[in-house]
Amino acid sequence: VSGESRQFFRVSTVLCAYEAEVEGTSGCRIVDASSMGVAVVCDFEREIGDPMGVSIVLKGRRFSGECVVQSVRETRAGWRLGLLCVSGSGDLGDGVHALTMDAQRDQLRRIAGAA
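Residues numbered from 1 in each chain as written. Predicted model: local features only at pLDDT ≥ 70, side-chain atom pairs only at ≥ 80, totals over all residues. Heavy atoms only, no water.

## As for the nonpolar core
One recurring pattern in soluble globular proteins is that nonpolar side chains are buried together.
Now for step 1: Within the largest apolar cluster, 27 residues are counted, with the highest numbers of intra-cluster contacts made by Val22, Ile30, Val40, Leu81, Leu83 and Leu92.
Now for step 2: Contributing elements (two or more residues each) for this core: β2 (19-22), β3 (25-33), β4 (37-42), β5 (51-58), β6 (61-75), β7 (78-90) and α1 (92-114).
Now for step 3: Discounting chain neighbours no more than four positions away, the residues touching Ile30 are Thr13, Tyr18, Glu19, Ala20, Val38, Ala39, Val40, Ile56 and Leu99. (Core = buried A, V, L, I, M, F, W, Y, C linked by side-chain atoms within 4.5 Å. Buried < 20%, exposed > 50% of the residue type's maximum accessible area, 1.4 Å probe, protein only. Helix = DSSP H or I, 4+ residues; strand = E, 2+ residues; numbered from the N terminus. Contact = heavy atoms within 4.5 Å.)

## Section: the state of the cysteines
Now for step 1: The final tally for this structure, using the stated rule, is 0 disulfides.
Now for step 2: As a non-bridged cysteine, Cys67 has Cys85 as the owner of its nearest cysteine sulfur, 4.1 Å distant.
Now for step 3: On the accessibility criterion, Cys85 (16% relative accessible area) is buried. (Disulfide = S-S within 2.5 Å.)

## Brief notes about the confidence of the model for the chain
Now for step 1: In this model, the chain carries a mean pLDDT of 87, and residues with pLDDT of at least 70 account for 90%.
Now for step 2: Scored below 50 in pLDDT, residues 1-6 shows 1 contact in the model against residues more than four places distant or in partner chains. (pLDDT = per-residue confidence, 0-100.)

Shown next, in the form of structure tokens:
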């Protein structure tokens, strides 16, 4: 799906070391983030529409809340789950926003160093 057809801008976090705890399983790698949710790679599969508890730690602060699975795709690294944050269920939405900003700052630093 092209970036122009998406409703919300997504920030790739592949080069960053962000991880999430999904349904009590830590070490799920966050591969991209938007203002509405995250995509994680886990070693387990879920169904579209499944609710999931998610936590992320950013700069020493834990953000937790509920997500709903929007997409599922098998990859070589595991199952890629697209997760939509459920508003009003904790502060995970704030954490995803902070993570998106942090990833963009990291990308800008990387670009500035390459110029």
